[in-house]
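Descriptive structure summary
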Amino acid sequence: MPAGGTLIAGGRRQQALVSFDNIWKTYPTGAEPVHALRGVSVAVMPGEYISIVGPSGSGKSTFMHILGCLDTPTSGRYLLAGTDVSRMDEVNLAEVRNRRIGFVFQQFHLLPRLSAWRNVELPLIYAGVPRHERKARALAALEQVGLSNRLEHRPNQLSGGQQQRVAVARALVTEPDLLLADEPTGNLDSRSSADVLAMLDGLHRAGRTIVLITHENDVAQAAERVMRFRDGRFIDDGEVAA
Ligand code: ADP
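Report on the accompanying structure. Note that the coordinates shown come from a computational prediction; the quantities given were computed from them, not determined experimentally.

1. Describing the sheet that holds strand β3 (residues 18–27)
Ordered in space as β4-β3-β6-β7, the 4 strands form an open sheet in which the pairing is antiparallel. On the outer flanks of this sheet lie β4 (34–44) and β7 (83–84), each paired with one strand and no other. Of the pairings in the sheet, the one linking β3 to strand β6 (residues 75–80) comprises 5 bridges and is antiparallel in character. Within β6, the position partnered with Trp24 by the bridge is Ser75. Packed on one face of the sheet, helix α1 (residues 60–67) meets β3, β4 and β6 and runs near 125° to β3.

Okay, structure coming up:
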């Protein structure tokens, strides 16, 4: 996989959705600066399902923050869908984030007083989508995650796995280019984890681009490509053996 721009796929030249070129992130703390990322170069093609695995402190969160346009690198270049986002200010970053990236976190971050579909509708309110369109899109997103039969349930009336499905529907409702899942199964029992991973697999097969961050090897294996992080670098970049 090239670190920069393009890949020839089936004779077609395809643009990378994500292109990191020699990304460094240094935190100027104390006497010794901390190099959280040390020259990361990676490309993510549209439709890929990648997991990032590595021990605590290896730089996964820092990587995810930059990938998700929550932070910018100290040096290096990050192209997202061809746009250089490495030096963007917070206002522009927020705009890119809202338009292109759907986030799923370990804690589901659902609003407890709102029903499933009202939770999923929220990003569309922020995006200024008209009311009549919002409900239809929220329902369609919940259908994609297999929750059409739980539209009016509030979070405390749903299982952990179902709550995470609602969170995934909320991430998808804006039609982002990239679904970024940070330890999405970290709060779930093994059955619900399997359930959420099966759903991500279905979304991948439907063409979604997914990056999953985890410290659990068996969760990482759900993706088609597992990338290992250690000391701020990828140590290998292998396809998962079938
Ligand atoms: P992981 O997510 O794999 O646990 P992190 O990206 O959180 O790793 O951290 C990578 C390294 O950067 C660690 O040594 C951590 O202590 C350091 N680090 C992370 N965030 C900050 C920060 N805001 N200020 C200073 N050091 C940080």
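Read on, since the account is not over.
2. Observations regarding the pattern of salt bridges
Across all of its chains, the model carries 11 salt bridges by this definition. Between Arg97 and Glu90 there is a salt bridge; the shortest N-O distance is 3.0 Å. Here Arg97 falls in the buried class, since its relative accessible area comes to 14%. Here Asp177 ties to Arg100 by a salt bridge, and the two come within 2.4 Å at their closest N and O atoms. Placement of the pair is Asp177 in the loop between α5 (160–172) and β9 (178–182) and Arg100 in helix α2 (residues 90–100), with a sequence separation of 77 residues. Here Asp177 falls in the partly exposed class, since its relative accessible area comes to 29%.

3. With respect to the packing of aromatic side chains
The final tally for this structure, using the stated rule, is 6 aromatic pairs. Aromatic side chains Phe20 and Phe63 sit 5.2 Å apart centroid to centroid with 55° between the ring planes, which places their arrangement in the tilted category. With Phe20 in strand β3 and Phe63 in helix α1, this pair connects stretches of sequence that are 43 residues apart. Look at Phe20 and you get buried, because its relative accessible area is 0%. When the centroid spacing of 5.5 Å and the interplanar angle of 50° are considered together, the rings of Phe63 and Phe229 count as tilted. Note that Phe63 is positioned in helix α1 and Phe229 in strand β11 (residues 225–230), a separation of 166 residues in sequence.

4. Some points on the packing of helix α3 (residues 116–126) against helix α4 (residues 131–144)
Following both chains from N to C, one finds α3 and α4 inclined at 120°, their axes separated by 9 Å at the closest point. Classified by the interaxial angle, the pair formed by α3 and α4 is oblique. Between α3 and α4 lies a crossing whose hand is right-handed. From α3, Ala116, Trp117, Val120, Glu121, Leu124 and Ile125 reach across to α4, where they touch Arg134, Lys135, Arg137, Ala138, Leu139, Ala141 and Leu142.

5. Re the site of the ligand
Contacts to the ligand come from Tyr27, Thr29, Val34, Ala36, Pro55, Ser56, Gly57, Ser58, Gly59, Lys60, Ser61 and Thr62. Residue Gly57 places a main-chain N or O atom 2.6 Å away from an oxygen atom belonging to the ligand. Between Ser61 and the ligand, the recorded distance is 2.6 Å, taken from a side-chain N or O atom to an oxygen atom. Calculation on the ligand without its partners gives an accessible area of 570 Å², and the protein chains cover 62% of this total. Taken together, the elements giving at least two residues each to the shell around the ligand come down to β4 and α1. When residues in the shell around the ligand are grouped by element, the largest group, 3 residues, is from α1.

6. Side note on α2
Taken as a whole, α2 has its buried residues at Leu93, Ala94, Val96, Arg97 and Arg100. Across the axial projection of α2, the buried residues extend over an arc of 165°, all falling on one side. Exposed and oriented more than 90 degrees from the buried face of α2 are Val91 and Asn98. Packing partners of the buried residues in α2 comprise β6, β8 (101–104) and β9.

7. As for the side chain of Gln162
If you trace the backbone, Gln162 turns up in helix α5. A polar contact of 3.0 Å, which involves the side chain of Gln162, links it to the backbone nitrogen of Ser159. Not counting chain neighbours up to four residues away, the residues in contact with Gln162 comprise Leu147 and Arg150.

8. So, the environment of Val53
Relative to the helices and strands, Val53 is located in strand β5 (residues 49–53). On a C-alpha basis, the gap between Val53 and Pro28 in space is 25 Å, while along the polypeptide they are 25 residues apart. Look past the residues within four positions of Val53 in its chain and what remains in contact with it is Lys60, Thr214, His215, Glu216, Asn217, Ala220, Val226, Met227, Arg228 and Phe229.

Cut-off values and rules
Residues numbered from 1 in each chain as written. Predicted model: local features only at pLDDT ≥ 70, side-chain atom pairs only at ≥ 80, totals over all residues. Heavy atoms only, no water. Pairing = 2+ DSSP bridges. Helix = DSSP H or I, 4+ residues; strand = E, 2+ residues; numbered from the N terminus. Contact = heavy atoms within 4.5 Å. Axes fitted to C-alpha atoms, helices over the stretch in contact; angles between N-to-C directions. Salt bridge = Lys/Arg side-chain N within 4 Å of Asp/Glu carboxyl O. Buried < 20%, exposed > 50% of the residue type's maximum accessible area, 1.4 Å probe, protein only. Phe/Tyr/Trp six-rings, centres within 6.5 Å; stacked < 30°, edge-to-face > 60°. Parallel < 35°, antiparallel > 145°, perpendicular 65-115°, else oblique. Left-handed = near helix turned anticlockwise from the far one by under 90°. Near = heavy atom within 4 Å. Polar contact = N/O pair within 3.5 Å; in protein donor to acceptor, adjacent residues only side chain to side chain. Areas by Shrake-Rupley, 256 points an atom, 1.4 Å probe, with all protein chains shown as cover. Arc of directions from axis to C-beta.

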